[in-house]
Amino acid sequence: AIYAWRRSKNLASALADGSAHNGEHVLPAGGFEILKNPKMMHSGAVTAIKIQPSTELLYSGGADRCIKVWDVFNSERSPACVHSFRAHGGSVTCIEFGRVGPSPGFLFTGGTDKTVVVWKDAEGRDMMLYPFYVKHHVVELKTWPTSLAFSTTRMNQGELFIGESESKIFTLKIDAEARSVRGELEHWESNHVNSGHKLAVTNMTVNQTDGVLFSLSNDATFKVWELGSGQVRKSIANENRARFLHACLDLHNQNLLMVDAAGWVHVWSWVTERLIFSERICDHAGQIFAVACNNDGSEVLLQRANQIDSYLVTRGSVHVALRGHEGPLLGVGFLAPGKDEIYADREDIDDMLYSVALDNTLRSWDPISMQCSNVLPEPRSTEMSAFGLIKKLHVVLTGNDDGSLCVWSLDNGQHSINKGHQNTISALCTAWTGRDEHDQWGRDLVFTCGFEGELLQWEMTTVQRKDNVGTGRKCNLVGRTKAHRAEILCCVFVPPQMNATRYPEGLVVTAGNDLTIKKWSVSDRAELELAGHMQLSTPDGEVSMECHSDAITCLAVDANFLFTGSDDASIRIWDVQGSFLITTLDAKAGGHSDAVKLLLILPKEGYLVSLGVDMILKVWDYTQATVVWETLHERGVITCMCYDERSGRLVCGSEDHTIVTVDLPDFQALRVAREQQEAEEEDAAAAAQGVRRSGGATTHAGLLA
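Keep in mind that what you see is a predicted model, and the values were worked out from it rather than measured.

Q: I'd like a rundown of the sheet that holds strand E22 (residues 290-293), residues and numbers included.
A: Across the sheet, three strands lie side by side as E22-E23-E24; this open sheet has antiparallel pairing. A strand with exactly one partner marks an edge of an open sheet, and here the two such strands are E22 and strand E24 (308-312). The mean angle between the axes of side-by-side strands here comes to 20°, regardless of whether they run parallel or antiparallel. In terms of strand pairing, strand E23 (residues 299-303) meets E24 through five bridges, oriented antiparallel. Residue pairing in the sheet places Leu301 in a bridge with Ser310 of E24.

See the structure below:
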């Protein structure tokens, strides 16, 4: 049987879990009973189905070896099976149309009898309502044809592409004006497109406008071919290692939509030549068999075993997934392209993304193709544990579990190893001590913290390379301070502009498992001077140095405000100079209900971003102690993040070895909406007070009368 589906509004449709849901559903449509009429339908399984675009007639092929033509979509005529004929000596595997010559053009069918049959409307039927197909040509193959696709080359000429079960793609020339099909098996077998597929071709589709053919295969790859030359333009392997099952074109948005046997939906843009979406929609129990979309690509339909799923597509919300690392991400950040990068001299390319992970590699990512452009491995057996950048010097810093600090110079690909800590480096931050970027007395410093509770100070200098070719970066250990009794988990630098008189080279703030927050005055001393503790007033009026009730895991600073995130699920805002608590952002204020994992300042917007271990991202207007936006991140566990000011997105590293982007809202629009809401609330309050005053006066006047 064949089923037709239609979007319907049900007031209360029962869902699979027994609940009711009001709204639209894709349900079997009425008025198509002819498709399920035992006298009309196929006597075996329906194996192929396709609509002829110019006539809107439905064609179906089955295991009964027959092709049936259905007129079921014309509202002015009663649904009917208008033609049924035996097409093959085996099951019909595929159907395609060739829109050349007189309407309706050619019909092509493939079957398990290892043939492709070319059908043509019988002569003298130009005025007839329905076509009557007769065999025009039979192509014999050595294997089953599994997929057909047609491309128009000239007004009355075209080319049929035949994908078969042993991985090859053949071509057959079609000329509507010729009495027979040009080309025999021997002719185009020797000139077949060498597909490079290793297993059966499962689906093919032609993009006539751009002159390309897309092919999918059981070998878990899809390929893009040039129609003119037959050469492969692109070959992409499915990272899920699952075979591709079906594809359709979204011509409006220039995308190819694909589904695979693991239940994933993939969207590939032939403009940027990369995947722009890849997500698992269902597991093996609910395998997807086919995909389709409407004309403008705003809706995607997925065919499953016993239902049709409809998805609305939101565009402009870009999600990028970068894969290349083989371990959880430790850090991500942006720097100008290195001298060895291909974009080094491009003025239109501002920064490139760099990342480090527990696979002990530093990678750079092409800003246009978003592919990994360079890999620098850590040659030692140590494991990376911390990450930092110095944009001014164009270097990446990594701390390691053996206590060493590694300095990666991106200009020459060299790196230096500097021993310092006796235990794992748990956090690091960088500092420029000058009052501005041109201050001749400023120093480039690096501060590293370890599990042994020590704070080390390093100074970066420029030195002549040993080969006298250019200069390099040298990192010198200049100070060591026993900062905490327990593990230090985070640190941050406060620039000297906050209080240049008292702290001419700035402050370093440290915190960790001992629950204290300490300020250290930056200087050239071998041991830094403690500038003070953050102090918390207890309910009984005493002052405590323990600033949270659980480990302090992350720090951020914005001007004179210090932000601390903790495993106690709270964020606290402190006055750096005064060392006192300003406010607490906890669950009562709309904050996190579980441990706070990461904090990040959006400098342009003046907002704070926080991430909980439950993967809920929140954006705070901390001056109002309110959450202006939040979202649940469902694409893996985020381990690090940075802000891309160019696109207004968060760039996040995750435990599943990928880098993903998170779109942030239009904060200006949010700010305007909030101001309007506040104004409306003030007007409503003022109006309520005015009514009360007015009502009282009226009553008083009535009594006087």
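Q: Go over the pattern of salt bridges, please, and point to the residues and values.
A: All told, the structure shown has 17 salt bridges when counted by the stated rule. Between Glu239 and Arg323 there is a salt bridge, with the nearest N and O atoms lying 3.2 Å from each other. Separated by 84 residues along the polypeptide, Glu239 in the loop between strand E17 (232-237) and strand E18 (244-250) and Arg323 in strand E25 (residues 321-323) bring together distant segments of the chain. Given a relative accessible area of 54%, Glu239 falls into the exposed group. Residue Arg323 is classed as partly exposed on the basis of its relative accessible area, which comes to 36%. Overlapping salt bridges bring together Glu378, Arg380 and Asp402 as one network.

Q: An account of the environment of Leu599 is needed here, citing residue identities and associated values.
A: Within the secondary structure layout, Leu599 lies in strand E48 (residues 596-602). Of the residues examined, Leu599 reaches a relative accessible area of 11% and is grouped as buried. For the pair Leu599 and Cys640, spaced 41 residues apart in the sequence, the C-alpha separation amounts to 9.6 Å. With residues up to four places along the chain from it excluded, the contact list for Leu599 reads Cys554, Ala556, Phe563, Thr564, Gly565, Ile571, Leu608, Val609, Ser610 and Met641.

Q: Tell me what's going on with unusual backbone geometry, and back it up with residues and numbers.
A: One non-glycine residue with positive phi stands out, namely Ala569, at about 75°. With respect to the secondary-structure elements, Ala569 resides in the loop between strand E45 (561-566) and strand E46 (571-575). If you check the backbone angles, Ser579 has positive phi at about 60° while not being a glycine. By the element assignment, Ser579 lies in the loop between E46 and strand E47 (580-585).

Cut-offs and rules
Residues numbered from 1 in each chain as written. Predicted model: local features only at pLDDT ≥ 70, side-chain atom pairs only at ≥ 80, totals over all residues. Heavy atoms only, no water. Pairing = 2+ DSSP bridges. Helix = DSSP H or I, 4+ residues; strand = E, 2+ residues; numbered from the N terminus. Axes fitted to C-alpha atoms, helices over the stretch in contact; angles between N-to-C directions. Salt bridge = Lys/Arg side-chain N within 4 Å of Asp/Glu carboxyl O. Buried < 20%, exposed > 50% of the residue type's maximum accessible area, 1.4 Å probe, protein only. Contact = heavy atoms within 4.5 Å.

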